[in-house]
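Notes for the structure review
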Amino acid sequence: MQHARDSSSWSESDLSLRDHVGTLRANVERLVAADEPVALYLDVDGTLLDVALTPSTVHIPPGLPELLDALSQRLSGAVAIVTGRPLEEADHLLSPARLVAAGVHGAQMRLSVSGGIESLAPSFDPFLHADIKKIVQDLPGIVFEDKGNGVALHYRLAPEQQPALLLMLENLLPKYPNQFAICGGRKVIEILPLGFSKGRALRKLATLPAFANRVPVMIGDDIADVDAFQAAEDLGGFGLKVAGEHFSKEEATFQGPADVLSWLQVLSHSRHP
Ligand SMILES: [Mg+2]
């Protein structure tokens with residue numbers, strides 16, 4: 001985990017980094033205000049919502065669904081959710097807002113606002129599922145989350161269990177060769193089907209009519225978002241980092257979810273004078 005430093009200890013290179021991330025933010029503001037075509041891809045936890053002790057205890061800021069709707073209208077429908085959560089869950093949290101979305105790191109997708117949720121990955125191997133459950137039973141404090149296409153093991157309540165948990169999972173996976181990958185995140189270890197990532201999800205969403213030929217802007221706070229930042233940059237856009245447990249305040253464009261939301265609020269109203 002990286003810790004933010006006191007601003008008095010910032011070096012010259014930190015200041016140029018601050019300039020750089022400030023410029024990224026201003027660039028996107030200018031594009032939207034000038035009615036240039038921009039597409040926004042938004043992570044949920046740690047980006048729109050503060051991270052909670054467990055995934056089910058997050059707090060939804062008042063007005064968030066209305067903000068997402070206004071933003072989507074402002075950008076002609078080019079706003080997508082790109083999350084590690086299952087989409088049913090993300091929908092529930094953001095209801096009544098309903099957006100194009102990728103869930104479980106792209107293993108699930110909804111390609112149009114009125115469309116259904118498609119599963120792109122094979123269903124999770126029940127034997128692997130049972131083996132992981134067995135591991136968790138021996139490690140008190142680990143929260144097991146069944147994501148349908150994958151499993152997330154949250155260790156925020158018992159961080160001291162992380163090394164043992166990781167070792168046991170690494171020992172288990174050779175039993176299921178070429179099927180699954182272990183992915184790290186903010187106080188979570190995920191077992192996901194091979195070949196899915198937020199970057200791949202963004203590239204697919206970027207081909208949809210509402211998103212194609214727009215400058216992609218991905219906003220995220222975690223290691224899984226890095227791949228999506230790269231995808232956005234490869235497509236001529238930007239990756240904007242949110243400070244938290246993964247990115248420091250110096251390197252991030254946003255200081256936390258509240259900063260993201262107030263910026264999105266400005267974007268949703270912005271017009272050239
Ligand atoms: Mg996140």
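Rules and cut-offs
Residues numbered from 1 in each chain as written. Predicted model: local features only at pLDDT ≥ 70, side-chain atom pairs only at ≥ 80, totals over all residues. Helix = DSSP H or I, 4+ residues; strand = E, 2+ residues; numbered from the N terminus. Contact = placed C-beta atoms within 7 Å. Pairing = 2+ DSSP bridges. Axes fitted to C-alpha atoms, helices over the stretch in contact; angles between N-to-C directions. Domains from an automatic or database assignment. Nonpolar A, V, L, I, M, F, W, Y, C, P; charged D, E, K, R; others polar.

As for the environment of Ala-181
Within the element layout of this structure, Ala-181 appears in strand S8 (residues 180-185). Residues Ala-181 and Gly-150, 31 residues apart in the sequence, show an inter-C-alpha distance of 9.7 Å. With residues up to four places along the chain from it excluded, the contact list for Ala-181 reads Leu-192 and Leu-194.

Brief notes about the environment of Gly-63
Residue position: Gly-63 is located in the loop between strand S1 (38-42) and helix H2 (64-74). Residues Gly-63 and Asp-131, spaced 68 residues apart in sequence, show a C-alpha to C-alpha distance of 41 Å.

Topic: the sheet that holds strand S6 (residues 143-146)
Two orientations exist for strands paired in a sheet by backbone hydrogen bonds: parallel and antiparallel. Spatially, the four strands line up as an open sheet ordered S6-S7-S9-S8, and their pairing is antiparallel. Strands with a single pairing partner mark the edges of an open sheet, and in this sheet they are S6 and S8. Within the sheet, the average angular offset between the axes of one strand and its neighbour, ignoring direction, is 20°. Two elements, S6 and strand S7 (residues 151-154), share four bridges in a ladder whose sense is antiparallel. When the bridges of S7 are listed, Val-143 appears paired with His-154. Of the strands in this sheet, S7, S8 and strand S9 (188-193) touch helix H5 (residues 162-172), which is tilted by about 20° from S9.

Here's the deal with the domain arrangement of the chain
One can read the domain layout of the chain as domain 1 (13-120 + 196-269) and domain 2 (126-193). Look at where the C-alpha atoms of domain 1 and domain 2 centre, and you get two points 26 Å apart. Its residues assigned to classes, the side of domain 1 that touches domain 2 shows nine nonpolar, eight polar and two charged.

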